[in-house]
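Structural overview for review
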Amino acid sequence: MNRLDREFYDRDSLIVAKELLGRVLVREAGGQRIAAKIVEAEAYMGIDDQAAHSYGGKRTPRVEVMYGESGFSYVFMIYGMHYCFNIVTREAGNPQAVLLRAAEPLDGLDIMAQSRFNKTYAQLTKNQIKGLTDGPGKLCKALRIDKNLNGEDLCGSKLYVEEGENEKFRIVSAKRVGVDYAGEAKDYPWRFYIEGNRYVSVK
DNA sequence: CTACCGATATCCT
DNA sequence: GGATATCGGTAGC
């Protein structure tokens, strides 16, 4: 299966966010493959986007990777407990990114179940199966994504996105989640998800 | 099913 | 000190 290359990510973040839907996020850890279909993503449009960490050109150690080339991972900790995984878009100096909010588990189900609940997949309750990857923090925990993967090149072999099956689905546009502080930008429809998919975090 | 609440890294005032 | 790109537990319908 083909991996998405740097040119894919070096485009408008709204296009990248939409086109990431249905693709397969792959994490290789300890010789094991963990994979999940991306079903929900949000675009953060950089210095003009009040919801973005890089709004107004803000540049701290945390957001530094957003100012680099496209196709690298931006992992940050939120609320002191959870990680969020983003993919940097656009050229160096243009600090935009796409946040991956939810995915549908495909491969490595037992590893995800162990990472999230310390159980095998077969031992999970129905609610735990649905809750494996239906939110940005949950997705990171299931795929074992943490600060060590901040700045990782997604054109490498530890963490990357495959093309996927090119199946047909409807894309829903919606307001982003948890950005009430962002003035006018809080209502922009820059979140995209696959219509009807049960792993979408907020319908 | 919804509502609240605590955990606490990072950045800003 | 206060806010945040969240989650899981508990309490109450």
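Quick note: structure is the one above.
Attention here is on the structure that accompanies the text. (Residues numbered from 1 in each chain as written. Chains lettered and ligands numbered in written order. Predicted model: local features only at pLDDT ≥ 70, side-chain atom pairs only at ≥ 80, totals over all residues.)

1. Thoughts on the overall build of chain A
Looking only at helices and strands, chain A features five helices and eight strands. Going residue by residue from the N terminus, the α and β elements of chain A occur as α-α-β-β-β-β-β-α-α-α-β-β-β. Taken along its principal axes, the extent of the C-alpha atoms in chain A is 45 × 35 × 35 Å. Counting across all 203 residues of chain A, residues that qualify as buried make up 41%. Relative to all contacts within chain A whose residues are 6 or more apart in sequence, the contacts with residues 24 or more apart total 66%. (Helix = DSSP H or I, 4+ residues; strand = E, 2+ residues; numbered from the N terminus. Buried ≥ 20, exposed ≤ 12 C-beta atoms within 10 Å, placed from the backbone. Contact = placed C-beta atoms within 7 Å.)

2. Focus on the protein's contact with DNA strand B
Around DNA strand B, the surrounding shell consists of Lys58, Thr60, Pro61, Arg62, Met77, Tyr79, Gly80 and Met81. Class assignment for the residues of the surface near DNA strand B results in four nonpolar, two polar and two charged. (Near = placed C-beta within 6 Å. Nonpolar A, V, L, I, M, F, W, Y, C, P; charged D, E, K, R; others polar.)

3. Thoughts on the nonpolar core
Leu25, Val98, Leu100 and Ala103 are the most contacted members of the largest nonpolar core, which has 55 residues in total. If we ignore the near neighbours within four places in the chain, the residues touching leucine 25 are Ala35, Ala36, Ile38, Leu100, Ala103, Leu143 and Val161. (Core = buried A, V, L, I, M, F, W, Y, C linked by C-beta atoms within 7 Å.)

4. Some words on the protein's contact with DNA strand C
What surrounds DNA strand C is a group of 23 residues, the closest being Leu99, Gly135, Gly137, Gly178 and Tyr181. Counting residues per element, the ones that place at least two in the surface near DNA strand C are β4 (82-89), β5 (96-107) and α5 (136-142). Of the residues belonging to the surface near DNA strand C, the class tally is 13 nonpolar, eight polar and two charged.

5. Describing the environment of tyrosine 74
Along the chain, tyrosine 74 falls in strand β3 (residues 73-78). Take tyrosine 74: there are 26 C-beta atoms within 10 Å of it, and that puts it in the buried class. Sequence separation between tyrosine 74 and glycine 108 is 34 residues, and the spatial gap between their C-alpha atoms is 23 Å.

6. Points about helix α3 (residues 109-117)
Working note: α-helix, 3.6 residues per turn, so residues spaced by three or four point in the same direction. Within the span of α3, buried status applies to Ile111, Met112 and Ala113. Residues of α3 that are buried make contact with β2 (32-44), β5 and α5. In the stretch just after α3, asparagine 118 is the one whose phi turns positive, near 60°.

7. Comments concerning helix α2 (residues 13-20)
Taken together, the buried positions of α2 are occupied by Ser13, Val16, Ala17 and Leu20. Down the axis of α2, the smallest arc covering the buried residues is 100°, so these residues share one side. A positive backbone phi angle near 85° is found at glycine 22, which sits one or two residues after α2. (Arc of directions from axis to C-beta.)

8. Focus on the pairing of β3
Pairing between β3 and β4: six bridges, direction antiparallel. Considered in β4, the bridge of methionine 77 is made with tyrosine 83. Taking the residues between adjacent antiparallel strands as the criterion, β3 and β4 are bridged by three residues, where tyrosine 79 takes a positive phi near 55°. (Pairing = 2+ DSSP bridges.)

9. Focus on the environment of valine 202
Of note, valine 202 is situated in the segment after β8 (191-194). Taking the C-alpha atoms as reference points, valine 202 and arginine 101, separated by 101 residues in sequence, lie 9.5 Å from one another.

10. Looking at the pairing of β2
Burial of β2 is extensive: eleven of the 13 residues sit out of reach of the surface. Here strand β1 (residues 24-29) pairs with β2 via six bridges, running antiparallel. Considered in β2, the bridge of alanine 29 is made with glutamine 32. Once β1 ends, the chain turns through two residues before running back antiparallel as β2, passing glycine 30 with a positive phi of about 60°. Alignment of β2 against β8, held across three bridges, turns out to be antiparallel. Directly across from alanine 41, in β8, lies its bridge partner phenylalanine 192.

11. Side note on unusual backbone geometry
Glycine aside, the phi torsion of most residues is negative, and most peptide linkages are trans. Of note in the backbone geometry, tyrosine 79 takes a positive phi value of approximately 55° without being a glycine. Note on placement: tyrosine 79 falls in the loop between β3 and β4. With 6 C-beta atoms packed within 10 Å, tyrosine 79 lands in the exposed category. One non-glycine residue, arginine 90, lies in positive phi territory at about 65°. Within the element layout of this structure, arginine 90 appears in the loop between β4 and β5. According to the C-beta neighbour criterion, arginine 90 is buried, with 20 such atoms within 10 Å.

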